Amino acid sequence: MSDNFRVKALEDNFAKRNINVLWFNSFQEIKKYILAQIPNTATVGIGNSKTLKSMELTTALCDVGNKVFDKTLGKTPEEVREIKRGSLLTDYYISSSNAVSIDGRIVNIDHSGNRVAAIAYGPDKVYIVVGKNKITETYEEAMKRARNISAPLNAKRAGFNPPCVFAGYCVDCNSPERVCYAVSTIEGQHVKNRLTLLIANEDEGF
Ligand code: SF4
């Protein structure tokens, strides 16, 4: 499939599912776009991700006065828990994704499930930020990417050691170090314009 055809197919397939798609040259352009869209008075939930961390989005939102619910700001387990719960009812929610398929699906794999919960329901506006490396041709490839690439690399980043960290792929473990207790597929949106996919022409994250 040519690049132009892939772009058109992805846009058309997400549009049919009430999901907007916007393309950007870089993650810094996406950051500027998000900061221009969100009023300073809004509350914002952040789904923990390497992509958003590399954009320093939480810092930028805090600097302009937004109340930001980012679990990495928590100093104690109780604070982290309250931030995760608070992020479920923010005005805006921003997350990356583990894979988006050209047929119009968004796949995420989570440890405790707070991120997939907020993406699915709660915040009125949701931005999903991904690099072009997260795009897959099919839904099946998106699921494989989430389990075999995202989960092991995120486990390693977070300091967990489930078997996939060593194997390099999912072995469907029951390890106490398991990192994927919730796997979600967003098939579309009931409310039009709630969810927008922001895609950078760069590679970032897992
Ligand atoms: S089930 Fe276990 S092996 Fe598979 S991705 Fe999750 S943590 Fe890794």
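Check the entry above for the structure.
Rules used in this analysis
- Residues numbered from 1 in each chain as written.
- Predicted model: local features only at pLDDT ≥ 70, side-chain atom pairs only at ≥ 80, totals over all residues.
- Heavy atoms only, no water.
- Helix = DSSP H or I, 4+ residues; strand = E, 2+ residues; numbered from the N terminus.
- Buried < 20%, exposed > 50% of the residue type's maximum accessible area, 1.4 Å probe, protein only.
- Contact = heavy atoms within 4.5 Å.
- Bend = angle between axes of the 7 residues up to and from the residue.
- Pairing = 2+ DSSP bridges.
- Axes fitted to C-alpha atoms, helices over the stretch in contact; angles between N-to-C directions.
- Phe/Tyr/Trp six-rings, centres within 6.5 Å; stacked < 30°, edge-to-face > 60°.

### Side note on the environment of Asn 48
Position of Asn 48 among the secondary structure elements: in the loop between β2 (43-46) and α3 (50-55). Classification of Asn 48 by relative accessible area gives partly exposed; the value is 27%. C-alpha of Asn 48 to C-alpha of Gln 37: the two residues are 11 residues apart in sequence and 20 Å apart in space. Those residues within four positions of Asn 48 in sequence are excluded, and the remaining contacts are Lys 53, Lys 71, Thr 72 and Arg 157.

### Let's talk about helix α7 (residues 139-158)
Where α7 bends most, the angle comes to about 35°, and this point is Ser 150, followed within four residues by the proline Pro 152. Those residues of α7 not exposed but buried are Ala 142, Met 143, Arg 145, Ala 146, Ser 150, Ala 151, Pro 152 and Ala 155. Of the surrounding elements, those touching the buried residues of α7 are β5 (99-101), β6 (105-110), β8 (135-136), α8 (163-167) and β9 (182-186). Gly 159 occupies a position one or two residues after α7 and carries a positive phi of about 85°.

### Things to note about the sheet that holds β2
Within the open sheet, the six strands sit side by side as β1-β10-β7-β4-β2-β3. Their pairing is parallel. Bordering the open sheet on either side are β1 (20-24) and β3 (67-70), each of which pairs with just one other strand. Across the sheet, the axes of successive neighbouring strands diverge by a mean angle of 20°, strand direction being ignored. With four bridges connecting them, strand β4 (residues 92-95) and strand β7 (residues 125-131) associate as parallel partners. Within β7, the position partnered with Tyr 93 by the bridge is Val 126. The strands touched by helix α1 (residues 3-16) are β1 and β10 (195-200); relative to β1, the strand with the most contacts, the crossing angle is about 150°.

### What to know about the packing of aromatic side chains
Going through the model one piece at a time under the given rule, you end up with three aromatic pairs. Seen from their ring centres, Tyr 33 and Tyr 127 are 6.2 Å apart, and the 80° between their planes marks the pair as edge-to-face. Placement of the pair is Tyr 33 in helix α2 (residues 27-37) and Tyr 127 in strand β7, with a sequence separation of 94 residues. Residue classification places Tyr 127 among the buried positions, given a relative accessible area of 6%. Taking the centre distance of 6.3 Å and the plane angle of 20° together, the rings of Tyr 92 and Tyr 127 count as stacked. One end of the pair, Tyr 92, is in strand β4; the other, Tyr 127, is in strand β7, and 35 residues separate them in sequence. An aromatic cluster of at least three residues, connected via ring pairs, comprises Phe 24, Tyr 33, Tyr 92 and Tyr 127.

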